[in-house]
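A structural walkthrough
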Amino acid sequence: MKKNQLMQSPNDKRQYLALTLANDLPVLLVHQQDAEKSAAALTVNVGHFDDPAERQGLAHFLEHMLFLGTEKYPDAGEYQHFINHHGGSHNAWTGTEHSSFFFDIDTDYFEQALDRFADMFRAPLFHADYIEKERQAIEAEFSLKLKDDSRRIYQVHKETVNPAHPFAKFSVGNLLTLCDTPEQSLQQAVQQFFKSQYGTRRMSLCLVSPLPLQQLEQLVHQYFDALPNEVCAKAALSQPLYLAEHQALQLDIAPHKFSQRLVASFALPDIQPWYKYKLISFLAHLLGDEGPGSLLAFIKDNGWVNQLSAGGGIDGSNYKDFTLSFELTEQGVFAKEQIIEALFGQLQLLRQSPFPEHLFLERQRLVQWSYLYQEPSTALQGACDLSVNMQHYPVDDYVYGDYRMDLPPEALYRELLGHFRPDNMRVMFIAPDIKANREARWYQTPYSVQPLQQSQLSHYLQAKVPASSHLPQSNPYLVTELNLLADADHMTKPVLVAKESGFKLWFKADTDFKTPKGHIFVQLNLPNCIGSVTQMASSRLWLELFQDQINESFYAATTAGLTYHLHVQHNGISLHSSGLAGNQIKLVADLLAQMAFCQFDEQRFNEIKRQLIRHWQNHSKNKPVSKLFSQLSSLLQPLNPDIDQLAAALQQQSFSAFMEFHQQLLKQVHLEAFMLGNWRKADAEQLSQALKGWLSEQQQGEALPRQRYNTQGIGPVWVKVPVEHSDQALVIYLPSRQKRPVDMALFMLANHLLSPEYFHVLRTEQQLGYLVGTGYVPMNLLPGIAFYIQSPAASCADLYQATLAFYKNFLSELEELDEDEFVQMKQGLATQIKERDSSLGSRAKRLWLAIGQGDHQFDLNEQIELALEQLSLTDFIAFFYQLLAADYDAIFLATGDKPDHSHLTEQNPFNLLEKLSLLSEWL
């Protein structure tokens, strides 16, 4: 067994031990003293690239089967049940060249969970009873994504690369690819695949826990020494992703949802050897710049694009695509050549300029600060990230590798730019009205392929730098030094530091996370944006136009460790800024100042209005479960109207009427704000003065009450929601009648018990759908629980009957729940409730939510925890009989018709809204 040291930040208080077991399994043990749970993640260098040609999707199928029983724990639902009932969670994914499995759990049960986890990779059963069931699950997962444009476009990509490269394989699998053959059954195939592909030399394991390293080391030896190591390490990929004939092409692709995009991609070699320099992300920063003099500024000024993103694209162990994606305007659809020419003009600017070392050092400083002051992650997130890093970095860089940004040699930068040539480019044009002459397999995507003409390539080579273009300037928002508060400055709770007519400011200095960051929330209550559906639609358009207008001038802030988000929320518009505390108050003040004085032109109004309406219309093409939850939200929240209503209202809005709305928007404004993080009271006073100064120039108003629809007494109701999808879906929402802490505890505990059971019965055993589950869904401050299921084969009536049968069986078994099991369940949920904030960001959002809900003591979690502790088994069982009773005020949202002979009343969404009373609550 070998042990190794690794680099870590001086502010990282975790203890690390890297070692290699005698069976060649690389392991990283992490002692995180303040971790709320313990977690493990195992990543294996096996993915869909390794699928046999005759059984594509087998790696994905194997991932599913590993959860369904092992030699030591043969019950298919035992692993999920154990993890869930002890405050944990689990999941897995299969990628191109890797698969990863992970869980977290209450530390008291970590050893027992590791025993089960290790046995998945030592002795899985691949039981015949579940082979066909999981085959159906894979088919349901495949069907779920048939209309997903990312999958549909991805398949076109796969069909237009070197067919000998494993990227060309079908990754997901379905009933056709995963079946018995005369030579071999599917069960035999998955057994053989596991034996030939899964071994410790391809694995990396990470454990994160508050347990001491010595104890973690003992656990690793006890449960993972027995993993097999007969499989050799993976051979390098030998085939190139593209041959010459696969480059200098244009692909025209028809999307399912409305979209107009132009994507230029450049083929790069394996970039892993360059990880120390982060050159790809730096080049993406240069080409994706959105400030003055940028590529985006030039083509946007010409009216061709709305947005640009740079640096994405597929990547793997011997390839990388660097993509630039342009969201096109109506004019841009006819200016594709000019956009590509402008791109090559910008590349020419980079070639002509010396390496911009000052800009690189700015990025390096920010990355170094991120490393030095990284906020602690949860045990689960840490384990997942590190187990993947172990596959890509040498031992000393397991932690530092993501942040390492050494100054690159000039020659390497020039070598990278050398790949950005017209003959090494592929262009994708994605639009509804393309002329297609091919159809992609599996997803039936219409597309066509044609080579770029030699004249085009020559023209791009001769592209001139646009006169207005220049590299980004030094960043005015970038601070030069960071100063952390002393621990003594920490405040346990937010305090109200300013309260005047039309204005409140809450403040909390926070040193727990030893980070130089902060968060500022500003909520503007604006009566003139919520008076009607037209006003609500116009406020959303106003926000889109405002962000479009300020993007160029505020882009520098977003590259200086600052972010800002604007939303239509509650009774108006909210602003949330975050990142490095230095210059953040200035950012908020600048944004508010722009808000008060912005002006709009009719051309951008028409373009953004068209984009927003199309975005809303695309919503009807979302997966059915998502559409049903969206409809539920609009049914219960008066200020969140149905998407179709918003689109119809905005369609009628003229520019002149919109400008009248704009003139009235900021009248009668009431402002409430919250500041948390690495700030002193003097900073809070500075923000207070800035906000009051801005308010003094507006017409002030009073706070507004929270509005909600009251569903009590409606009885169980069936609401049919039409969707553009072949799958059927059902969402059953059971709202609480009260919002006491005990009600929250009851609904949380109910979901804690129901979630794994409903999934196991309807998904694993009955195979009714791929998307199956329950969730704790508070709405309008009331707790609630939702059952959801989406099926490619069953009708809504079948899903309804299956759920009712589940209710009946569940209630019959509930009487068998004994006191010890009940106490264990409560402890598992209490572990989740007690979880401390994992980051400054999660704390900021929790406390801001508490302020918005009127919880000014900030102790709701403690009240729920106390109510949970006092909850008796008798009360819990009685609650279930009430909750699952036939006459409970449940809302059944479905994509299909109400079942025959059902006691439910049927309503359409608009008729139902007319029957609900509107309540106003002061918080």
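Just above sits the structure.
Residues numbered from 1 in each chain as written. Predicted model: local features only at pLDDT ≥ 70, side-chain atom pairs only at ≥ 80, totals over all residues. Heavy atoms only, no water.

One open sheet holds the six strands; their spatial order is β26-β27-β25-β28-β24-β29, and the pairing between them is mixed. Each having just a single partner strand, β26 (771–776) and β29 (905–907) make up the two edges of the open sheet. With direction set aside, neighbouring strand axes in the sheet form an average angle of 15°. Note: strand β24 (residues 717–720) against β29, three bridges, orientation parallel. When the bridges of β29 are listed, V719 appears paired with Q907. Of the strands in this sheet, β25 (728–735), β26 and β27 (784–791) touch helix α22 (residues 741–765), which is tilted by about 170° from β26. Contacts from helix α23 (residues 796–814) reach β24, β25, β27 and β28 (891–894), with the element oriented near 40° to β25. (Pairing = 2+ DSSP bridges. Helix = DSSP H or I, 4+ residues; strand = E, 2+ residues; numbered from the N terminus. Axes fitted to C-alpha atoms, helices over the stretch in contact; angles between N-to-C directions. Contact = heavy atoms within 4.5 Å.)

The two faces of a sheet get side chains in turn, since along a regular strand they alternate between them. Within strand β21 (residues 667–677), nine of the 11 residues are buried, which leaves it mostly tucked inside the rest of the structure. As defined by bridge partners, strand β17 (residues 503–509) adjoins β21 across seven bridges and the pair is classed as parallel. Bridged to A509 within β21 is G677. When strand β18 (residues 517–525) meets β21, the two strands line up antiparallel, connected through eight bridges. (Buried < 20%, exposed > 50% of the residue type's maximum accessible area, 1.4 Å probe, protein only.)

Here we take up the layout of surface pockets. Volume-wise, the second largest pocket comes out at about 1,100 Å³. Considering every element that reaches the lining of the second largest pocket, the biggest residue donor is helix α12 (residues 379–392), with five residues. Its residues placed into classes, the lining of the second largest pocket shows 18 nonpolar, 12 polar and nine charged. (1 Å grid on protein atoms, 1.4 Å probe; cavity = no way out; pocket = protein on both sides within 12 Å on 5 of 7 lines; lining within 4 Å. Points joined across faces, edges and corners; volume = space filled by probe spheres on them. Nonpolar A, V, L, I, M, F, W, Y, C, P; charged D, E, K, R; others polar.)

For the rest of this paragraph, the subject is empty space enclosed by the protein. By the definition in use, this model includes five cavities of 30 Å³ or more. Considering only enclosed or pocket space, the largest cavity measures out at about 110 Å³ in volume. Around the largest cavity, the lining is made up of 13 residues, and of these R708, Y709, T711, P735 and L782 lie nearest the centre. Mapped onto the lining of the largest cavity, the elements with two or more residues apiece are β23 (706–710) and β25. Counting residues per element, the lining of the largest cavity draws most heavily on β23, which supplies three residues. Of the residues in the lining of the largest cavity, the class split is six nonpolar, five polar and two charged. What the second largest cavity holds in volume is close to 70 Å³. Looking at the second largest cavity, the residues that line it are L66, F67, G69, T70, Y73, D75, E78, Y79, R116 and M120. Counting only elements with at least two residues in the lining of the second largest cavity, the list comes to α2 (78–85) and α3 (110–122). When its residues are assigned to classes, the lining of the second largest cavity shows five nonpolar, two polar and three charged.

Attention now moves to unusual backbone geometry. With phi around 55°, H570 is a residue other than glycine that occupies positive phi space. By secondary structure assignment, the location of H570 is in the loop between β19 (562–569) and β20 (572–580). The backbone of F858 sits at a positive phi, close to 55°, despite the residue not being glycine. Mapped onto the elements of the fold, F858 is located in the loop between α25 (840–852) and α26 (860–870).

In the structure shown here, the tally under the stated rule is 32 salt bridges. Between R843 and D837 there is a salt bridge, with its nearest N and O atoms 2.8 Å apart. Assigned by exposure class, R843 and D837 land together as buried. What emerges from the salt-bridge pattern is a single network uniting K508, D510, D512, D837, R843 and R846. (Salt bridge = Lys/Arg side-chain N within 4 Å of Asp/Glu carboxyl O.)

This next bit is on the nonpolar core. Where a protein is soluble and globular, its nonpolar side chains tend to be buried together. Core analysis: the biggest nonpolar cluster contains 73 residues, and V522, L524, W542, F658 and L671 have the highest contact counts within it. Residue contributions to this core peak at 10 residues, all from helix α15 (residues 533–558). If we skip the residues at most four places from it in the chain, V522 touches I573, S574, L575, V588, L671, E672, A673 and L691. Core analysis: the next-biggest nonpolar cluster, separate from the first, contains 56 residues, F117, V190, F194 and L213 among them. (Core = buried A, V, L, I, M, F, W, Y, C linked by side-chain atoms within 4.5 Å.)

Contact geometry of helix α10 (residues 336–352) with helix α14 (residues 454–461) gives a least axis separation of 8 Å together with a crossing angle of 40°. Taken together, the axes of α10 and α14 are oblique relative to one another. Contacts between α10 and α14 pair E337, I340, E341 and F344 from the former with Q456, H459 and Y460 from the latter. A per-class count over the contact of α10 with α14 returns three nonpolar, two polar and two charged. (Parallel < 35°, antiparallel > 145°, perpendicular 65-115°, else oblique.)

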